[in-house]
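# Chain and residue survey
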Amino acid sequence: MIDTEEIKSLIPQRFPFLMLDRVTELKEGEYIKAYKNVSINEEYFKGHFPEAPTFPGAFIAEAMAQAACVLLKKSIKDLAATKFYVTSVKIRFFRIVVPGDQLQIFIKTVKMTRLGGVFEVEASVDKTVVAKGDMTFACK
Amino acid sequence: MPKVDDLTLEKELREIIAKIVEIEPEKITQDASFVEDLGMDSMMALEILAAMEKKYKIQVPEEKLGQIKNLKEVIKLTKEYL
């Protein structure tokens, strides 16, 4: 298990943009499982949307990217890179995520290098897949 | 992985590259430079490498990324690991 303090030591994102609460499983070089608890207290629900609070799809993608960053940092120990930039995202969204949901993230490595990585990404709520796709990002 | 004949390999690799670079397969000639002629960047090269590995169930070392510069080189590289 990796808690928020250790997550913060691995990736540069901070409040209000840290999209992972906990890593539950990780196999270096292969996969990571993590989750984010979606709370009605989060500021952006005031605008997205006032009458129907919905966790933004872009934030689901961000949570996936952050989990992939943790996986990369834990897999390549001496990786000097501190910044990560998404270069390609192809994700299909199947259903909305709302306050009260626990967003489970599963990332599988397709290819991992010091330059960046290619990953298969998936998010689910209560074992139902809510988003799935492919993601590539570069390390700087 | 069973051996793939040269024509099929070329066709499949051209399709993989076209999908990643988002251009028509016909524009990917054997010698067209991925960077200069097709506008590819280094992360697209990584995606091509990953797609090659996945399609043919091969492992290509990171050091070979520099060889992903035109279709001819990609075919050569794939054959090396098949």
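First, a word on scope: everything that follows refers to the structure included in this document. (Residues numbered from 1 in each chain as written. Chains lettered and ligands numbered in written order. Predicted model: local features only at pLDDT ≥ 70, side-chain atom pairs only at ≥ 80, totals over all residues.)

Once that is clear, we can look at the interface of chain B and chain A. Taken together, the contact between chain B and chain A spans nine residues of the former and ten residues of the latter. Looking at the side of chain B that touches chain A residue by residue, the classes come out as four nonpolar, one polar and four charged. (Contact = placed C-beta atoms within 7 Å. Nonpolar A, V, L, I, M, F, W, Y, C, P; charged D, E, K, R; others polar.)

Next up on the list: unusual backbone geometry. In this chain, F15(A) is followed by P16(A) through a cis amide linkage whose omega measures 5 degrees. Counting through the fold element by element, P16(A) comes out in the loop between α1 (4-10) and β1 (22-27). Here the residue pair H48(A) and F49(A) is connected by a cis peptide bond, since its omega of -5 degrees sits within 30 degrees of zero. Inspection of the secondary structure puts F49(A) in the loop between β2 (31-37) and α2 (57-75). In this structure, K127(A) takes a positive phi of about 65 degrees despite not being glycine. Mapped onto the elements of the fold, K127(A) is located in the loop between β5 (116-125) and β6 (128-139). Residue K127(A) is classed as exposed on the basis of its 6 C-beta neighbours within 10 Å. Despite not being glycine, K57(B) shows a phi value in the positive range, around 50 degrees. By secondary structure assignment, the location of K57(B) is in the loop between α2 (42-56) and α3 (71-81). By the C-beta count within 10 Å, which is 10 here, K57(B) ends up exposed. (Helix = DSSP H or I, 4+ residues; strand = E, 2+ residues; numbered from the N terminus. Buried ≥ 20, exposed ≤ 12 C-beta atoms within 10 Å, placed from the backbone.)

All right, on to the packing of helix α1 (residues 6-21) of chain B against α2(B) then. Residue and element names in this part refer to chain B. At a closest axis distance of 10 Å, the pairing of α1 and α2 adopts a crossing angle of 140 degrees. Between α1 and α2, the angle is such that the two are oblique. α1 and α2 meet at a crossing whose hand is right-handed. Seen from α1, the contacting residues are E12, I16, I17, I20 and V21; seen from α2, they are M44, E47, I48, A51, M52 and K55. Here the contact of α1 with α2 is built from residues that sort into eight nonpolar, no polar and three charged. (Axes fitted to C-alpha atoms, helices over the stretch in contact; angles between N-to-C directions. Parallel < 35°, antiparallel > 145°, perpendicular 65-115°, else oblique. Left-handed = near helix turned anticlockwise from the far one by under 90°.)

Function-wise, these values are silent; they only describe arrangement.
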